[in-house]
Amino acid sequence: MSEYPLAALASSPTRIPSHVPVGNDLNGRLQIGEGTVTVMAGPCSVEGRDMLLETAHAVRASGAVMLRGGAFKPRSSPYAFRGLGQEGLDLLAEARASSGLPIVTEVVDARQLESVMAVADMLQVGARNMQNFALLAALGEVDRPVLLKRGLSATLKELLLAAEYIMAHGNARVVLCERGIRTFETATRNTLDLSAIPVLKLETHLPVIVDPSHAAGRADIIAPLAVAAIAAGADGLLVEVHPDPATALSDGPQSLTPLQFEALMTAIAPIAALTGRTLTRPECLRAGSHSRQAAAPRQASSTAVPA
Ligand code: PEP
Ligand code: MN
């Protein structure tokens, strides 16, 4: 028997990759998985109202279908900015209503689950928590999809076993995320393990997305890594975008400007089509309450982006 019978591809009776639905009737429904490419984007940390709303509308205008922003940040240093906490969650709720984008945000501690679930359409488990088994078990008991990031030094088998923890506790809606692993290389923050994508596709029916931002640690190579991830079969991307990366309170060097994100979306579209996938479009979501704002960044930037 497989060590991860619920996550294994062989365990699905039809051996067909599964789709993970995200969202509800209020903000529309997405299906993450085979045949589609789902792009989530947003700032590493929610830093304030203006930057969050500006980013939300800009990434939606460029084609992102989920807003990612952290209210609780796991930081390597206890002295680094660790997020706005509840205030950040309140701002995410406002951005959700305003942009119409479903929210994915990190939960670092099971004690925060109730407050995070009040706003999150999807719960992120960060790399540093991939083997926090108490947290994984708690996430198995909630009715919300989980985005499970690969640990910094975790093998693919360990990632699959972490997914199995969540599934064994009752929650089958798990999406895996390759976000780079620790190697001897110093030119990048981590090393994007592209082989994780086809290997996971052979092992599991769960969708696999790629976070090129934390893999690279630098904005100037995010787009080619994103293109490569889609070409290798990733079911989506998680990309950090900030209106002014130079002033970001976390992960500024790897954050794209909205204009750079628009160029990335333009670059991945033909690759998704070439590999027979449909890029999920924001039109499948409900419009936000201030959706007219969404047109502004696109018009302002469309002439400036190189073809
Ligand atoms: C993040 O998504 O901002 C983050 C902290 O990522 P990771 O857990 O992959 O380091
Ligand atoms: Mn980050």
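For the structure, see preceding data.
Let me begin by describing the structure that accompanies this report. Predicted model only: the values in this text are computed from it and were never measured.

A look at the environment of Ala-41
Mapped onto the elements, Ala-41 comes out in strand 3 (residues 36–42). It is 11 Å that separates the C-alpha atoms of Ala-41 and Glu-262, two residues lying 221 residues apart in sequence. Once you skip the residues sitting within four places of it in the chain, Ala-41 turns out to touch Val-59, Ala-64, Met-66, Leu-67, Arg-68, Val-239, Val-241 and Phe-261.

Topic: the site of ligand 1
In the neighbourhood of ligand 1, the contacting residues comprise Cys-44, Arg-68, Lys-73, Gln-124, Gly-126, Ala-127, Arg-128, Lys-149, Arg-179, His-214 and Glu-240. Measuring from an oxygen atom of ligand 1, one finds a side-chain N or O atom of Arg-68 at 2.6 Å. Arg-128 has a polar side-chain atom sitting 2.8 Å from an oxygen atom of ligand 1. Protein chains shield 97% of the accessible area of ligand 1, which is 300 Å² for the free molecule. Taken together, the residues of the shell around ligand 1 sort by class into two nonpolar, three polar and six charged.

Considering the pattern of salt bridges
By the definition in use, this model includes 14 salt bridges. In this structure, the salt-bridge partner of Arg-150 is Glu-178, at a minimum N-O distance of 2.8 Å. Highlighted residues: Arg-150 in the loop between strand 7 (146–149) and helix 5 (156–168) and Glu-178 in strand 8 (residues 174–178), separated in sequence by 28 residues. The residues Arg-150 and Glu-178 share a single accessibility class, namely buried. A single salt-bridge network, built from bridges that share partners, covers Glu-34, Lys-201 and Asp-235.

Side note on the coordination of the manganese ion (ligand 2)
Here the manganese ion (ligand 2) is held by the protein donor atoms Cys-44 (SG), His-214 (NE2), Glu-240 (OE) and Asp-251 (OD), which lie 2.0 to 2.4 Å from it. Mapping the donors of the manganese ion (ligand 2) onto the primary sequence yields the spacing C-x169-H-x25-E-x10-D. Taken as a pair, His-214 in helix 7 (residues 212–216) and Asp-251 in the loop between strand 10 (236–240) and helix 9 (258–274) lie far apart in primary sequence, 37 residues in all.

Basis of the calculations
Residues numbered from 1 in each chain as written. Chains lettered and ligands numbered in written order. Predicted model: local features only at pLDDT ≥ 70, side-chain atom pairs only at ≥ 80, totals over all residues. Heavy atoms only, no water. Helix = DSSP H or I, 4+ residues; strand = E, 2+ residues; numbered from the N terminus. Contact = heavy atoms within 4.5 Å. Near = heavy atom within 4 Å. Polar contact = N/O pair within 3.5 Å; in protein donor to acceptor, adjacent residues only side chain to side chain. Areas by Shrake-Rupley, 256 points an atom, 1.4 Å probe, with all protein chains shown as cover. Nonpolar A, V, L, I, M, F, W, Y, C, P; charged D, E, K, R; others polar. Salt bridge = Lys/Arg side-chain N within 4 Å of Asp/Glu carboxyl O. Buried < 20%, exposed > 50% of the residue type's maximum accessible area, 1.4 Å probe, protein only. Donors = N, O, S within 2.8 Å, 3.2 Å for Na, K, Ca; no water.

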